[in-house]
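Okay, here's what each chain looks like letter by letter:
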Amino acid sequence: MSNSKFKVEFTLKQHTPIIHFQSDQVGATLRASELKPKFDGFLKKVAFNDEFEEYKTFLIGYDENKSQTKKDFDGKEAFNYKVTIINQNLNYQTITKQIKKYNKKEKIEKIENEGFPTFFATMGNEWKNSPKLFSYTDEIKIYVITQNTNLLNKIKENFANFIFQTNFGTRQSKGFGSFSVIKIDNKPFENIFNYPNFLINLNSINPKVFPHVKYLEEPDNYYLMQKRLFSVIEIFYKTLRSGINLSFGEKFYFKSLIFAFAKSKNITWDKKYFKKEFLGNENNSILKQREDHNNPDILNFKDDNNQVFLVRDLMGLATTQEWMSYKLRVRHPKEKDRFNGQIINENNVKRFKSPLIIKPIQLNDNQFQIYLILNDINKNIFNEKITLLNTYDEGFGKNKKEIISNQIHNLSFWNDFTLESFFDYITNTVDINKHVNIKFHQHPYFKLIIDIYTQLKDSK
């Protein structure tokens with residue numbers, strides 16, 4: 001495209017593969033249909049502080065001869081510019097790989113499909129009928145054209161920051177679809193942003209962190225590198241949200257940091273409340289965990305007068321949560337659910353993504369700087385009352401059906417929780433050496449985790 005005062009060219013580097021719902025189509029990668037609406041929203045919020053009068057002249061359909069209000073655009077406020085995305089040398093490969101796994105019961109090796117860290121939608125008929133692929137390339141060119149030079153200047157000022165704060169495609173909050181701007185109009189551009197971050201060198205991590213797998217056909221180096229990267233991201237995310245409990249092989253236990261944060265504010269951990277309401281205090285699995293971890297404060301429900309809120313789901317709502325060690329499944333109601341003959345209404349809040357965006361930036365073949373983008377939580381969810389169900393499966397095969405055994409009503413989300421306060425607590429209060437029982441300090445996970453949190457403290 002020729003030079004023009006009405007055009008700007010951005011060159012993007014891709015750091016992690018994008019999982020696209022159209023990944024089976026030729027050329028599937030970053031799409032203008034996803035990028036432009038997101039960038040429009042970013043411009044409104046960041047460049048114009050959500051002030052309609054400030055940005056209305058830049059909208060498609062604006063007429064200077066009319067006195068237009070926000071209602072005149074009927075919620076369709078699109079900025080008046082066009083986006084063209086040019087990519088070359090696109091690569092594709094399957095997300096799942098076939099592996100050889102020993103079946104202890106049958107005492108033979110079987111061929112199975114291995115999943116991918118942090119990406120769980122690799123089962124069921126939908127996946128079998130239309131499996132998604134990884135799509136990746138080195139660089140992408142993005143051309144933005146507008147006849148309004150003032151709008152073009154706003155785009156030039158904000159686009160790099162937008163790309164840095166945003167991932168694309170499926171599972172974007174966990175780090176997939178990460179790009180950054182490296183050139184503007186063919187001039188090198190350096191991203192300098194002040195976000196919590198940590199460096200990982202995949203070659204320096206204890207190989208025991210990554211499970212040994214026997215592939216039917218060895219994947220290429222790109223796939224293996226990305227798998228190791230997302231294994232680290234998965235471990236890190238578990239330290240924040242669910243915790244880690246390795247009960248097989250070399251044992252390791254790490255209590256969720258959001259649990260510790262809630263406890264510091266006299267908020268009862270929702271998982272703990274589910275155990276109490278659905279299982280009772282003397283459930284054998286709970287008694288065993290209390291004994292194994294020698295910490296009655298975590299699992300004892302007596303004299304617990306703390307407030308009860310939904311806590312874990314503030315890091316991204318899970319429609320179903322299951323704890324196999326307790327034989328406990330908790331889920332949100334679905335259409336036509338009934339309990340004791342009565343219809344159970346669905347919750348108004350059915351899904352929302354994690355407010356934490358993990359942004360991997362590749363420095364070289366085996367080094368990534370991991371940035372953490374802390375976003376606000378939609379305040380509307382704090383006005384909602386949530387119903388949760390306890391269910392189990394009865395029967396086998398075609399005769400298997402799900403039974404609703406109990407329910408909890410009128411649960412609320414922890415309404416004064418923010419990611420900023422959570423991470424302030426992590427960096428200013430938490431001592432990982434004390435948080436993790438000393439008997440686990442020799443585990444390969446511990447060195448990785450303490451290195452990450454030491455760097456996070458230093459990056460404040």
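In this report, the structure presented in the accompanying data block is examined. Quick caveat, the model's predicted, so the values are computed rather than measured.

Across its full length, the protein carries 12 helices and 24 strands. Out of the 460 residues belonging to the protein, those deemed buried represent 49%. The contacts of the protein with a sequence gap of at least 6 include a subset with a gap of at least 24, amounting to 73%. In the form shown here, the protein has an accessible surface area of approximately 25100 Å², with 46% of it arising from carbon and sulfur atoms.

It is worth spelling out the side chain of N366 at this point. Looking at the element boundaries, N366 is found in the loop between strand 21 (356-362) and strand 22 (367-374). Apart from residues lying up to four places away in sequence, N366 is in contact with I200, N201, L202, N203 and R228.

On to the sheet that holds strand 5 (residues 97-103). Sheet architecture is open: 3 strands sit in the order 6-5-12, paired in antiparallel fashion. Looking at which strands have only one partner, the edges of the open sheet turn out to be strand 6 (108-114) and strand 12 (214-215). Two strands pair when backbone bridges link them, and strand 5 and strand 6 are joined in this way by 7 bridges, in the antiparallel orientation. The partner of Q98 across the bridge, within strand 6, is N113.

Glancing now at the environment of K251. Within the secondary structure, K251 sits in the loop between strand 13 (244-246) and strand 14 (252-254). In this structure, the C-alpha to C-alpha distance between K251 and H443, residues 192 residues apart in sequence, is 7.9 Å. With residues up to four places along the chain from it excluded, the contact list for K251 reads L246, F440 and H443.

It is worth spelling out the layout of surface pockets at this point. Empty space within the second largest pocket amounts to approximately 660 Å³. What lines the second largest pocket is a set of 20 residues, and nearest its centre among them are K45, K353, I357, N375 and D376. Mapped by element, the contributors of at least two residues to the lining of the second largest pocket are helix 1 (32-47) and helix 4 (149-165). Here the lining of the second largest pocket takes 5 residues from helix 1, the largest share from any one element.

By the element assignment, T427 lies in helix 10 (residues 419-428). A residue is classified by how much of its surface remains accessible, and T427, at 11% relative accessible area, is buried. Setting aside anything within four residues of it in sequence, one finds T427 in contact with L456, K457 and K460.

Note that an α-helix has 3.6 residues per turn; residues three or four places apart therefore point the same way. Look at helix 12 (residues 444-458): 22 Å from first C-alpha to last across 15 residues, which is about the 21 Å you get at 1.5 Å a residue. Considered for burial, the residues of helix 12 that qualify are P444, Y445, F446, L448, I449, I450, I452, Y453 and L456.

The contact between helix 5 (residues 221-240) and helix 12 brings their axes to 11 Å, and the two run at 75 degrees. One way to sum up the angle between helix 5 and helix 12 is to call them roughly perpendicular. Contacts from V232, I235, F236, T239 and L240 in helix 5 reach Y445, L448, I449, I452, Y453 and L456 in helix 12.

A few words now on helix 10. All of the buried residues along helix 10 are L419, F422, F423, Y425, I426 and T427. Turning to helix 10, the residues buried within the fold contact helix 5, helix 6 (257-264), strand 21, strand 22 and helix 12.

The subject of this paragraph is the nonpolar core. Judged by nonpolar contacts, the single largest core of 87 residues is most densely connected at L240, F252, F274, F413, F422 and Y453. Top element by residues in this core is helix 5. It accounts for 11 residues. Sequence-distant contacts of F413, that is, excluding residues within four places in its chain, are made with F309, L310, D313, L314, L317, V349, F352, I381, F382 and I386. Membership of the second largest hydrophobic core comes to 33 residues, among which are F52, F58, V83 and F159.

Cut-offs used in this document
- Residues numbered from 1 in each chain as written.
- Predicted model: local features only at pLDDT ≥ 70, side-chain atom pairs only at ≥ 80, totals over all residues.
- Heavy atoms only, no water.
- Helix = DSSP H or I, 4+ residues; strand = E, 2+ residues; numbered from the N terminus.
- Buried < 20%, exposed > 50% of the residue type's maximum accessible area, 1.4 Å probe, protein only.
- Contact = heavy atoms within 4.5 Å.
- Areas by Shrake-Rupley, 256 points an atom, 1.4 Å probe, with all protein chains shown as cover.
- Pairing = 2+ DSSP bridges.
- 1 Å grid on protein atoms, 1.4 Å probe; cavity = no way out; pocket = protein on both sides within 12 Å on 5 of 7 lines; lining within 4 Å.
- Points joined across faces, edges and corners; volume = space filled by probe spheres on them.
- Expected span 1.5 Å × (residues − 1).
- Axes fitted to C-alpha atoms, helices over the stretch in contact; angles between N-to-C directions.
- Parallel < 35°, antiparallel > 145°, perpendicular 65-115°, else oblique.
- Core = buried A, V, L, I, M, F, W, Y, C linked by side-chain atoms within 4.5 Å.

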